[in-house]
Amino acid sequence: MSIIGWCIVFAVPAIAVAFAWRKAAADWVNARSSIAGLLCLALASGSIALALGLLAWAEFIKPPFYIGALIELFGTLLSLIAVIAGFCVRRPSQRRYFGLGLIAAVWMFALYGLSLSSA
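The rules behind these values
Residues numbered from 1 in each chain as written. Predicted model: local features only at pLDDT ≥ 70, side-chain atom pairs only at ≥ 80, totals over all residues. Heavy atoms only, no water. 1 Å grid on protein atoms, 1.4 Å probe; cavity = no way out; pocket = protein on both sides within 12 Å on 5 of 7 lines; lining within 4 Å. Points joined across faces, edges and corners; volume = space filled by probe spheres on them. Helix = DSSP H or I, 4+ residues; strand = E, 2+ residues; numbered from the N terminus. Nonpolar A, V, L, I, M, F, W, Y, C, P; charged D, E, K, R; others polar. Expected span 1.5 Å × (residues − 1). Buried < 20%, exposed > 50% of the residue type's maximum accessible area, 1.4 Å probe, protein only. Axes fitted to C-alpha atoms, helices over the stretch in contact; angles between N-to-C directions. Parallel < 35°, antiparallel > 145°, perpendicular 65-115°, else oblique. Left-handed = near helix turned anticlockwise from the far one by under 90°. Contact = heavy atoms within 4.5 Å.

**Student:** What am I meant to see in the layout of surface pockets here?
**Tutor:** Any space left empty among the atoms is revealed by the rolling of a water-sized probe across them. Volume-wise, the largest pocket comes out at about 530 Å³. Breaking the lining of the largest pocket down by element, the ones donating at least two residues are helix H1 (3–26), helix H3 (35–60), helix H4 (65–87) and helix H5 (95–118). A per-element tally of the lining of the largest pocket places H5 first, with six residues. In terms of residue class, the lining of the largest pocket is built from 16 nonpolar, three polar and two charged.

Now the structure itself:
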């Protein structure tokens, strides 16, 4: 798959997380009380940024295989913790924007899982 295709695959969760951050910032009074939801958004954002950085690094620098595999494993752990934190959000009023973070975290966990299984 070309680099443009990979950017489209990573753009979907990135847009979802950006929208979730915007909604959480608009409702900051209630959002700051949900540490699990904010952790979900932060770790989902981190796993997306890590995947985009790894994609650019692999495309332009061509690192050794084992370094890429370690970074993929770290990204898998980040997204797994984000999924667990996303399921810990309890208030139904907060699930409307933290749910987008959970969807992005599940998406990234699936992508990292597929990349690890192909290695």
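Having seen it, we continue.
**Student:** Explain H4 here, please?
**Tutor:** Think of an α-helix as 3.6 residues a turn; residues three or four steps apart then line up on the same face. An ideal rise of 1.5 Å per residue puts 33 Å on 23 residues; H4 measures up with 33 Å between its terminal C-alpha atoms. Listed as buried for H4 are Gly-68, Glu-72, Gly-75, Thr-76, Leu-78, Ser-79, Ala-82, Val-83, Ala-85 and Gly-86.

**Student:** For this particular structure, what's the right way to read the packing of H3 against H4?
**Tutor:** Packed helix pairs are characterised by how far apart their axes lie and by the angle those axes make with each other. Following both chains from N to C, one finds H3 and H4 inclined at 160°, their axes separated by 8 Å at the closest point. Considered as vectors, H3 and H4 are oriented roughly antiparallel to each other. Note that H3 runs across H4; the crossing there is left-handed. Along its contact with H3, which presents Ala-36, Leu-39, Cys-40, Leu-43, Ala-44, Gly-46, Ser-47, Leu-50, Leu-54 and Trp-57, the element H4 presents Ile-67, Gly-68, Ile-71, Glu-72, Phe-74, Gly-75, Leu-78, Ser-79, Ile-81, Ala-82, Ala-85 and Gly-86. By residue class, the composition of the contact of H3 with H4 is 15 nonpolar, six polar and one charged.

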